[in-house]
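# Inside the fold
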Amino acid sequence: MSMLTPPGMGGKYRIKGNKYPRMRRPRRRGRLVVLVVASAAVLGVGGWGTLQLIDVFTGGGREASAAGSGTDCPDTKASPSPRAKALPEPRAITVNVLNATTRGGLAKKTADELKKRGFKIGDVGNAPQRYDKKVKGTGVLLGPASALHTSLQVLGTQLPGAERRTEAARKGTDLDLVIGDGFKELAKKPDADRALTELATPEPAPSSKKGC
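This is a predicted model, so every value here is computed, not measured. (Residues numbered from 1 in each chain as written. Predicted model: local features only at pLDDT ≥ 70, side-chain atom pairs only at ≥ 80, totals over all residues. Heavy atoms only, no water.)

### Examining the overall build of the chain
Counting its secondary structure elements, the chain contains 5 helices and 5 strands. Traced from its N-terminal end to its C-terminal end, the chain shows the element sequence α-α-β-α-β-β-α-β-β-α. Within the chain, the proportion of its 212 residues that are buried is 24%. Carbon and sulfur atoms make up 56% of the accessible area of the chain, which amounts to about 15,800 Å² in all. (Helix = DSSP H or I, 4+ residues; strand = E, 2+ residues; numbered from the N terminus. Buried < 20%, exposed > 50% of the residue type's maximum accessible area, 1.4 Å probe, protein only. Areas by Shrake-Rupley, 256 points an atom, 1.4 Å probe, with all protein chains shown as cover.)

Printed below as a string of structure tokens:
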């Protein structure tokens, strides 16, 4: 036994020669590298997941804002309400009431009711030969071409089922209401007033499309 061997020790701790054995633990550099790489991977995955959560709760960040400002979706701003039509008032419309039926007294009765509703009344009597006993419907409304979308529409609210016609050679602004065989009475005043209001203030157009 060497002089360097402590008493009672032998076996693998037996010292041979003139040098003491090194008692340090074996190096673990490989394990340390693995731990560092694994930690970095965990941190990277956690950071990516955090960014995904932020995108979810903020609506996609800049990409969502850019998508919202694109041109793929139609403009959803409310459309302005259309302006009311410039229609003449009943007091500015003169109506000639003409009876084309075989029933007497219809022209005068109808003219009196129109007068109560604010219309001016012109001629009252029988219809001319070209219409006499030839109007099968409720009636015919006649006027100049310029009255088709103005005064004829206003008069039409009083007799909704009447046919509207224009005459290019017609002079003046007066209208004719020719009573036909199918006539019973004018529209009820509340209904006529409601139709006139809707005519003057049409509903606005749809402002946006669904599914955007």
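### Brief notes about the environment of Lys 120
Among the structural elements, Lys 120 can be located in strand E2 (residues 120–126). A C-alpha to C-alpha distance of 4.5 Å links Lys 120 and Thr 94, two positions 26 residues apart in sequence. Aside from chain neighbours lying at most four places away, what touches Lys 120 is Pro 90, Arg 91, Ile 93, Thr 94 and Val 95. (Contact = heavy atoms within 4.5 Å.)

### Describing the confidence of the model for the chain
Low-pLDDT stretches of the model should not have their predicted coordinates read in fine detail. With 55% of its residues at a pLDDT of at least 70, the chain reaches an overall mean of 77. Within the model, the stretch residues 61–68 combines pLDDT values under 50 with 1 contact to residues more than four positions away or in other chains. (pLDDT = per-residue confidence, 0-100.)

### Structural notes on the sheet that holds strand E3 (residues 139–143)
Here 5 strands make up an open sheet; going across it, the order is E2-E1-E5-E3-E4 and the pairing mixed. Taken across any chain shown, the strands that pair with only one partner, and hence form the sheet edges, are E2 and strand E4 (163–166). Direction aside, the axes of adjacent strands within the sheet are offset by 20° on average. Relative to strand E5 (residues 175–179), strand E1 (residues 94–99) runs parallel, the two sharing 5 bridges. (Pairing = 2+ DSSP bridges. Axes fitted to C-alpha atoms, helices over the stretch in contact; angles between N-to-C directions.)

### Regarding the pairing of E2
For a regular strand, side-chain orientation follows a simple rule: the groups alternate between the two sheet faces. By the bridge criterion, 5 bridges tie E1 to E2 in an arrangement that is parallel. Within E2, the residue paired with Val 97 across the bridge is Val 124. Handedness of the crossover is the feature at issue here: the chain leaves E1, passes through helix H3 (residues 106–116), returns alongside E2, and the resulting connection is right-handed. (Right-handed = clockwise from strand over helix to strand, strands pointing away.)

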